[in-house]
Amino acid sequence: MNWMHGKLWGLAIGIWLVASACSPLGPQTSSTPDTEYLLQWEQASEGANKLNPACPTLLLSSPRAAPGYAGARMAYMQEPHRIDYFANHRWADSPARMLEPNLMRALETSGLFQAVVRAPTSARFDLRLDTEVLKLVQVFEDSGSRVDLSVRISLLDKKQQRVLVSEVLQVSEPASEQSPYGGVKAANRAVDRLMQDLQQILRPAVEPLCRK
């Protein structure tokens, strides 16, 4: 009986390991290539340009990332305060680096700046925008899953040495399916909303600085 019990226990462990290896939430296997995904802002048309020569020049600092979100691994949560990463599914780059070109497009098409330059640069600028990705995670619950995206922004006036805007932009988007790709689609919708929120929040602070 002990022998039979041990054999059944070993079989159960083997089945669990096989299931874990096949699951997108399980351990990564070297035989399966990673699937990579992009974060892209779809709302603004390519080539759209609304730069305003009467407005300030903006420097966009390289976005930073909070601990847990600095790499290209795709994060998910099944319980509070615990972060895990999908097996064989990853971003094409870190979320912070992928957000940078989206931020540039959102700022350039906002009509609030005569130019937007990236750091590092020797070009003169009037304002500086600092950003930090605080969270980009797919949250799984009994009722389904969602993607939470949170970015801290700080707009600074170089000449006056003061902070014009300091906000944490938070967006949640439900996922259409309980899978990494469902999370990717929700994450891109969240980016769309975040870029629009960014433009709206900056407008009251920047428009008074534009020459009439």
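These numbers were taken from a predicted model, which means no experiment stands behind them. (Residues numbered from 1 in each chain as written. Predicted model: local features only at pLDDT ≥ 70, side-chain atom pairs only at ≥ 80, totals over all residues. Heavy atoms only, no water.)

Asks: Would you take a moment to explain the pattern of salt bridges for this structure?
Replies: If charged atoms from side chains of opposite charge come close, those side chains can pair. A full pass over the atoms with the stated rule returns 14 salt bridges. Between R82 and E79 there is a salt bridge, with the nearest N and O atoms lying 3.7 Å from each other. Residue R82 is classed as partly exposed on the basis of its relative accessible area of 41%. Judged by relative accessible area, E79 falls into the partly exposed class, the value being 42%. Through salt bridges that share partners, D34, E36 and R90 make up one connected network. (Salt bridge = Lys/Arg side-chain N within 4 Å of Asp/Glu carboxyl O. Buried < 20%, exposed > 50% of the residue type's maximum accessible area, 1.4 Å probe, protein only.)

Asks: Could you clarify how one ought to interpret the nonpolar core in this entry?
Replies: Across soluble globular proteins, you tend to see nonpolar side chains buried next to one another. Grouped together as the largest cluster of nonpolar side chains are 44 residues, with contacts concentrated most on W91, L107, F113, L129, L155 and L202. Those elements that place two or more of their residues in this core are β2 (57-60), β4 (73-77), β5 (84-91), α2 (95-108), β7 (127-141), β8 (144-157), β9 (162-174) and α3 (180-206). L107 has contacts with L58, L60, F113, V116, L129, L198 and L202, leaving out every residue within four places of it along the chain. (Core = buried A, V, L, I, M, F, W, Y, C linked by side-chain atoms within 4.5 Å. Helix = DSSP H or I, 4+ residues; strand = E, 2+ residues; numbered from the N terminus. Contact = heavy atoms within 4.5 Å.)

Asks: For this particular structure, what's the right way to read the side chain of S145?
Replies: Along the chain, S145 turns up in strand β8. Within the structure, the side chain of S145 is placed 3.1 Å from the side chain of Q138, a separation counted as a polar contact. In this structure, S145 is in contact with Q138, V139, F140, P174, A175, E177 and Q178, ignoring residues within four places of it in sequence. (Polar contact = N/O pair within 3.5 Å; in protein donor to acceptor, adjacent residues only side chain to side chain.)

Asks: How should I be thinking about the layout of surface pockets in this particular structure?
Replies: Over the atoms, a rolled probe matching the size of one water molecule traces out where space is still vacant. In this structure, the largest pocket occupies an estimated 230 Å³ of space. Taken together, 13 residues form the lining of the largest pocket, with P56, D126, D157, K159 and L209 sitting closest to its centre. When its residues are assigned to classes, the lining of the largest pocket shows 6 nonpolar, 2 polar and 5 charged. (1 Å grid on protein atoms, 1.4 Å probe; cavity = no way out; pocket = protein on both sides within 12 Å on 5 of 7 lines; lining within 4 Å. Points joined across faces, edges and corners; volume = space filled by probe spheres on them. Nonpolar A, V, L, I, M, F, W, Y, C, P; charged D, E, K, R; others polar.)

Asks: Help me understand the state of the cysteines in this model?
Replies: Defined simply, a disulfide is a covalent bond joining two cysteines at their sulfur atoms. Scanning all chains against the criterion turns up 1 disulfide. Here C55 pairs with C210 through a disulfide, and the sulfurs are 2.0 Å apart. Given an S-S torsion of about 110°, the disulfide between C55 and C210 has right-handed geometry. Pair noted here: C55 is in the loop between β1 (35-37) and β2 and C210 is in the segment after α3, with a separation of 155 residues, a long-range link. Just as C55 is buried, C210 falls in that class too. (Disulfide = S-S within 2.5 Å.)

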